[in-house]
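Analysis of the macromolecular model
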Amino acid sequence: MKSQSDARNLSMVMDLYEMTMANGYFKYKDDKTTVTFDVFYRHNPDQGGYAIFAGLEQVVDYIEHLHFSDEDIDYLDSLHIYRKDFLEWLRNYRFHGDIYAFPEGTIMYPYEPILTVHAPLLDAQLIETAILALINHESLIATKASRIVRAADGRGVSDFGARRAHNMDAAVYGARAAYIGGAGSTATVLAGQMFNIPVSGTMAHSWIMYQEDEYTAFKEFAETYPDNCILLVDTYNVLKSGMPNAIRVAKEVLEPMGKRLKGVRIDSGDLAYLSQKMRKMLDDADLKDAIIVGSNSLDEYTISSIISQGGCFDSFGVGERLITAESNPVFGAVYKISEVEHDGVKIPKIKVSETVEKITNPGRKRVFRIYDQDGKAVADLITKEDETPDLTKPYRYVDSRKPWKNLSFEGCTAKELQVQVIKDGKRTFPTRDLKDIQSYVKDQLTNEIWAAEQRFENPHVHYLDMSPAYYEMKMDLLYKSQKAD
């Protein structure tokens, strides 16, 4: 399988300040300091009830291949801002640190640490931008795809977005993320080759417009692809030209070959109305097995509307609004320091802000998903690093939004969400098959996550609770920060 690091070195994908800070740390020999950074986000895309964690495999691949070439060192030297001994240190650099993360495909929620870096100070600083770029992009597209698949309500969804993606990497890794989110196939060939995603596609209007007439175009396509013939019927007139010619080819070309018309596709017009007419025409021609594929600037809202109007589609090709997550194109995960450890002394760190949502959760921590007796995820729980919640008896927790309440989990079970994925710069788990990640997402949404959290409008807000000890530690840090002011 191809890797993003096969043909190029991505180590210089960083903001300048990462290298500048690393150079400063190196000057003052902060090599005995270990730090912890958490990756988390603050809002679900599209005001939804959940998001999907994606991009972890690319993070691990990036970390394992992280190095600086002679060309990189020469460029950094040309900036005339870095110490020579620091640049020589970079020449033999590899990442020495540990990374913990949710398994890829995990349903996730705001403010919980989805990935944690525990590493020497310089190492942790150098990887910020790359980690965020990878996770922000793929998590955004996987989440959007999940919403679109949910709207399709069992109908097939294929990624058609490559030509509208922000660049070729966005097309390829967007297709990967869309598959994780539930898309059944992609039209992007490189994504199929790299990730073993099923590829699908029909024809463009140019095939039809090039030929002397529509019937000839359909006939030649059917003769070339008799086992997978889906005809695009909206080049001229859907009901008066495209559909009659498609049916004629089914009868005059395919059936004499012992083949059936697989389907038709429409890419413009009143999709709900036209698909109803198309379905009737196919059924009346004894082509009830022929599918109807819809495309044309679709997303979860247009698909829901088409279906509610009685649109007769079997699958959808979704392009620009999926691959760019057009309705909410920024995921917004951030990378914040949460602990500094120097000579064995651990000091939790908290960012304080007048904007409450920007106050961070300090210290090394653990995240547990709490399940009720029916296996439904009722909340996520943050504890201190050395805590394991005992759920064999009622377990008191704190809702940080309503800390005065006396709340307990009773009859529940817990699963720790973070697992170690990198130890001293090397992966600690095998590459997972993308189909398994997709199945993991589907299983969570089907069996664990409340349907109320999956609504498009006013979804239920998943609870993120804290152990009493963790909450007290956070409040103590906030109190001390006020005294310092």
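The structure we're discussing is the one just above.
Residues numbered from 1 in each chain as written. Predicted model: local features only at pLDDT ≥ 70, side-chain atom pairs only at ≥ 80, totals over all residues. Heavy atoms only, no water.

Focus: the environment of Ser305
Looking at the element boundaries, Ser305 is found in helix α13 (residues 300-308). Assessed through its relative accessible area of 32%, Ser305 is described here as partly exposed. Considered as a pair, Ser305 and Ala272 are 33 residues apart in the sequence and their alpha carbons are 8.5 Å apart. (Helix = DSSP H or I, 4+ residues; strand = E, 2+ residues; numbered from the N terminus. Buried < 20%, exposed > 50% of the residue type's maximum accessible area, 1.4 Å probe, protein only.)

Thoughts on empty space enclosed by the protein
Applying the stated rule across the entire model yields two cavities of 30 Å³ or more. Counted as a void, the largest cavity has a volume near 80 Å³. Around the largest cavity sit Asp38, Phe40, Tyr111, Glu112, Pro113, Lys336, Ile337, Ser338, Ile359, Thr360, Asn361 and Lys365, which together line it. Broken down by secondary-structure element, the contributors of at least two residues to the lining of the largest cavity are β1 (33-40) and β12 (334-342). Take the lining of the largest cavity: its biggest share by element is three residues, from β12. Each residue belonging to the lining of the largest cavity can be placed in one class, and the counts come to five nonpolar, three polar and four charged. Approximately 40 Å³ is the volume found for the second largest cavity. When the residues that make up the lining of the second largest cavity are grouped by side-chain class, the tally is two nonpolar, three polar and three charged. (1 Å grid on protein atoms, 1.4 Å probe; cavity = no way out; pocket = protein on both sides within 12 Å on 5 of 7 lines; lining within 4 Å. Points joined across faces, edges and corners; volume = space filled by probe spheres on them. Nonpolar A, V, L, I, M, F, W, Y, C, P; charged D, E, K, R; others polar.)

Observations regarding the sheet that holds strand β7 (residues 185-186)
The parallel open sheet is built from six strands, whose spatial order is β7-β6-β11-β10-β9-β8. The open sheet terminates on both sides in strands that have one partner only, identified here as β7 and β8 (230-232). With three bridges connecting them, β8 and strand β9 (residues 263-266) associate as parallel partners. Bridged to Ile230 within β9 is Gly263. (Pairing = 2+ DSSP bridges.)

Topic: the packing of aromatic side chains
Following the criterion strictly, the structure yields 15 aromatic pairs and no others. Between Phe68 and Tyr93, the aromatic rings sit 5.8 Å apart at their centres with planes inclined by 55°, giving tilted as the arrangement. With Phe68 in the loop between α2 (56-64) and α3 (70-78) and Tyr93 in the loop between α4 (84-91) and β3 (98-101), this pair connects stretches of sequence that are 25 residues apart. Between Trp207 and Phe221, the aromatic rings sit 5.5 Å apart at their centres with planes inclined by 85°, giving edge-to-face as the arrangement. One end of the pair, Trp207, is in helix α9 (residues 205-210); the other, Phe221, is in helix α10 (residues 214-224), with 14 residues separating them in the sequence. Members of the aromatic cluster, connected to one another through ring pairs, are Phe26, Phe68, Tyr82, Phe86, Trp89 and Tyr93. Looking at Arg427, its charged tip hangs above the ring of Phe429, at a distance of 5.3 Å from the centre. (Phe/Tyr/Trp six-rings, centres within 6.5 Å; stacked < 30°, edge-to-face > 60°. Lys NZ or Arg CZ within 6 Å of the ring centre and 35° of its normal.)

Section: α4
Along α4, the residues classified as buried are Phe86, Leu87 and Leu90. Along the axis of α4, the buried residues cluster in a sector spanning 100°; they form a single face. Looking at the buried side of α4, the elements it contacts are α1 (16-27), α3 and α5 (121-126). (Arc of directions from axis to C-beta. Contact = heavy atoms within 4.5 Å.)

Focus on the nonpolar core
General note: in soluble globular proteins, nonpolar side chains tend to be found buried as a group. One finds Phe95, Leu115 and Val117 to be the most contacted residues of the largest nonpolar core, which totals 124 residues. Of all the elements, helix α6 (residues 128-152) adds the most residues to this core, at twelve residues. Not counting residues up to four positions away in its chain, the partners in contact with Phe95 are Ile63, Leu66, Val117, Ala119, Asp123, Ile127, Ile422, Asp424 and Gly425. (Core = buried A, V, L, I, M, F, W, Y, C linked by side-chain atoms within 4.5 Å.)

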